[in-house]
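Fold and contact review
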Protein chains: 2
Amino acid sequence: MGTATAVVPGHVTVCFTVDQTETPARTGSRGAGLALEAGVTVSVRPGSGCTLNGDPIFVAAVETVLETLEVEAAVALETDLPIGAGFGVSGAAALGTALAANDAFDVAKTETELIRLAHEAEVRAQTGLGDVVAQARGGVPLRLEPGAPPHGELDGIPATASIEYLHVGEYDTETVLAGDTSAITDAGESALDRVLDRPTLPALFAAGREFVTHAGLADPRIEEILDAVDAAGGTATMALLGRSIVALNDGLSAAGYEPTQTRIDHTGAHLVPDQ
Amino acid sequence: MGTATAVVPGHVTVCFTVDQTETPARTGSRGAGLALEAGVTVSVRPGSGCTLNGDPIFVAAVETVLETLEVEAAVALETDLPIGAGFGVSGAAALGTALAANDAFDVAKTETELIRLAHEAEVRAQTGLGDVVAQARGGVPLRLEPGAPPHGELDGIPATASIEYLHVGEYDTETVLAGDTSAITDAGESALDRVLDRPTLPALFAAGREFVTHAGLADPRIEEILDAVDAAGGTATMALLGRSIVALNDGLSAAGYEPTQTRIDHTGAHLVPDQ
């Protein structure tokens, strides 16, 4: 037993479906998104309790992962990402805990096994449907079939870019997902088809923008910012599910906002040498 | 049309099977290996011809990739890796060309499509069986089923480490693979089973060492170096298929050799911003 640290990219969903089943490994989401270099560092050591940037926090999916691996660990999460804002912090916490705890406690599972149990923990906690598999992969993940391996199926858009993001306030995720999600899923299927017809970053952002409108997910403040980026000649869409916006290159700053800068992450979740 | 650049990790195989079929996408290799940060940078622009570190070179798989994408491109390969030494330089050239040409010429294929056509080009050129899919993934790839997606299936050992490598001379790859490969495949299946029983780096190196002996791939000079690393308390195995050795951490230098230092790569093949 020792200590271990994993780094997991942030992930924003650009369009999605809701695919609920009775089996967590088959439950998930189809759609597309962006893995971001702005991410979460997860350190694990023997002990108990979980902290986020030094403050105690309870993350249900993290506790489930530790129980599944049958280890008693203290988990420290460090991130600059906004919480509950559509950046996949809980998915990153679950996946990073799985990777780091496997290493620190010499559990000897494979990457696929760890991805699956982190995905199942997120689904059971009802904190995410598609982030874990996307964060394991990195890049610009296309979720073709929902769920964890071997059920889920991924592809990716081969692209690299600078990304800006802006978080503008609280979003009521639970209310959105507790309602009838069939309109979301219909719009998500159309958007994913459109992306697969032309798998490039500009087409992804265009499909995301259309999805957000058709699924009725944006409020007037979000629409105002998206329009302002358009007017300045930029490309932006909503970061789901959160009250946040992502833009290609300098789309948000060129429109006069003060966003955070990051890049598309190509690495996906991985262990790093002990700090 | 413009220019684009991809970076592809080196890849050494630690144990392998030979799975030949009539279909290139189903032909490949099962086994395990290491993706290395020491890799190949592939730049593509409109034009013709291929260079390696500035000198003209003909790489059959690169030409096949360009023909498949229906583009006329000049390809520049830059690498510090030894050539024909078991580090997957031709696989990296094929995969990097696919990613960069897709971007430079706006071909708009997905990552899976590009991986598949690069794998098929390598198989047709008879220069590799398992490197492309491993280099696309990065990390410590386990090739569970042979071939390109959707036929091939990968997992990975979740681990990070410093790696040293040493190349000690020419190896007659063609003669090895032109002979009866059933003994290699039998030994490769046993080695992969052993790794899957305990998917950790020390178990991978132990399985590789046993595979090399059972498959009869090491010559006295290679055996001598592997024994010397053992005697110094280190962990090493042969980098296949080449007359090369890889060691965990400082295994080779601690035994008095002068190896090159690198690390396990976690990113896999990816585009980088234009240079």
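Residues numbered from 1 in each chain as written. Chains lettered and ligands numbered in written order. Predicted model: local features only at pLDDT ≥ 70, side-chain atom pairs only at ≥ 80, totals over all residues. Heavy atoms only, no water.

**Focus on the relation of the copies chain B and chain A**
Inclusion rule: A residue counts toward the fit only if its pLDDT is at least 70 in both copies, and the copies are then superposed by least squares on the C-alpha atoms of those residues. Working rule for contacts: check all heavy atoms of both residues, and any pair within 4.5 Å makes them a contact.
Each copy superposes on the other: chain B lies on chain A with an RMSD of 0.0 Å after a rotation of 180° and an axial shift of 0.0 Å. Those values place the two copies in the arrangement expected of a two-fold rotation axis. Distance from the rotation axis, computed per C-alpha, reaches its smallest value in chain B at Thr267 of chain B: 1.9 Å. Taken as a fraction of all interface residues of chain B, those also at the interface in chain A reach 100%, which identifies the copy contact as same-surface.

**Re the pattern of salt bridges**
For clarity, the cut-off: Within this document, salt bridges are pairs made up of a side-chain nitrogen of Lys or Arg and a carboxyl oxygen of Asp or Glu, the two lying within 4 Å of each other. The helix and strand labels rest on DSSP assignments: H or I over at least four residues marks a helix, E over at least two residues marks a strand, and numbering proceeds from the N terminus. Residue burial is assigned from relative accessible area. The probe radius is 1.4 Å, only protein chains are included, and a residue is buried under 20% of its type maximum, exposed over 50%, and partly exposed in between.
Enumeration over the complete set of coordinates arrives at 18 salt bridges over all chains. One salt bridge in this structure joins Asp230 of chain A and Arg209 of chain A, with 2.9 Å as the shortest N-O distance. With Asp230 of chain A in helix 8 (residues 220-231) and Arg209 of chain A in helix 7 (residues 201-215), the pair connects residues that are 21 residues apart, well separated along the chain. Residue classification places Asp230 of chain A among the partly exposed positions, given a relative accessible area of 39%. We classify Arg209 of chain A as buried; its relative accessible area is 16%. For the salt bridge of Arg221 of chain B with Glu224 of chain B, the shortest nitrogen-to-oxygen distance reads 3.0 Å. You can see Arg221 of chain B and its partner Glu224 of chain B sitting in helix 8 (residues 220-231), 3 residues apart, about one turn around the helix. We classify Arg221 of chain B as partly exposed; its relative accessible area is 33%. Judged by its relative accessible area of 44%, Glu224 of chain B falls in the partly exposed class. Connected through shared salt-bridge partners, Asp19, Arg30 and Glu189 of chain A make up one network.

**Some points on the environment of Glu113 of chain A**
Residues and elements named next belong to chain A. Under the convention used in this document: Pairs of N or O atoms are called polar contacts if they sit within 3.5 Å, as long as, within protein, a hydrogen donor faces a hydrogen acceptor (for residues adjacent in sequence, only side-chain-to-side-chain pairs).
The residue Glu113 is located in helix 3 (residues 111-125) in this model. Linking Glu113 and Pro150, residues 37 residues apart in sequence, is a C-alpha distance of 9.7 Å. A distance of 2.8 Å separates a polar side-chain atom of Glu113 from the backbone nitrogen of Thr110.

**Considering the sheet that holds strand 10 (residues 244-248) of chain B**
Residues and elements named next belong to chain B. Put simply, the test is: A pair of strands is labelled paired if DSSP reports no fewer than 2 bridges between them. All axes are obtained by fitting lines to C-alpha atoms, using only the stretch in contact for helices, and the reported angles, taken between N-to-C directions, cover 0 to 180 degrees.
The strand order across the open sheet built from 4 strands is 9-10-8-11, with neighbouring strands paired in antiparallel fashion. Each edge of the sheet is formed by a strand with only one pairing partner; in this case those strands are strand 9 (236-239) and strand 11 (260-263). Strand-to-strand twist in this sheet, taken as the mean axis angle between neighbours without regard to direction, amounts to 30°. As judged from the 4 bridges shared by strand 8 (residues 162-167) and strand 11, these two strands associate in the antiparallel manner.

**Brief notes about the interface of chain B and chain A**
Short version of the rule: When two parts are brought into contact, each loses some accessible area as probed by a 1.4 Å sphere; the total of that loss over both is the buried area.
Listed per partner, the contact involves 29 residues of chain B and 29 residues of chain A. Buried surface at the junction of chain B and chain A, both sides included, amounts to about 2,200 Å², of which 53% is carbon and sulfur. When the buried area of chain B at its contact with chain A is split by residue, Glu111, Pro158 and His266 of chain B rank highest and sum to 25% of it. Between Asp106 of chain B and Arg198 of chain A there is a salt bridge, with the nearest N and O atoms lying 2.8 Å from each other. Applying the counting rule to chain B against chain A returns 13 residue pairs in polar contact (both at pLDDT 80 or more).

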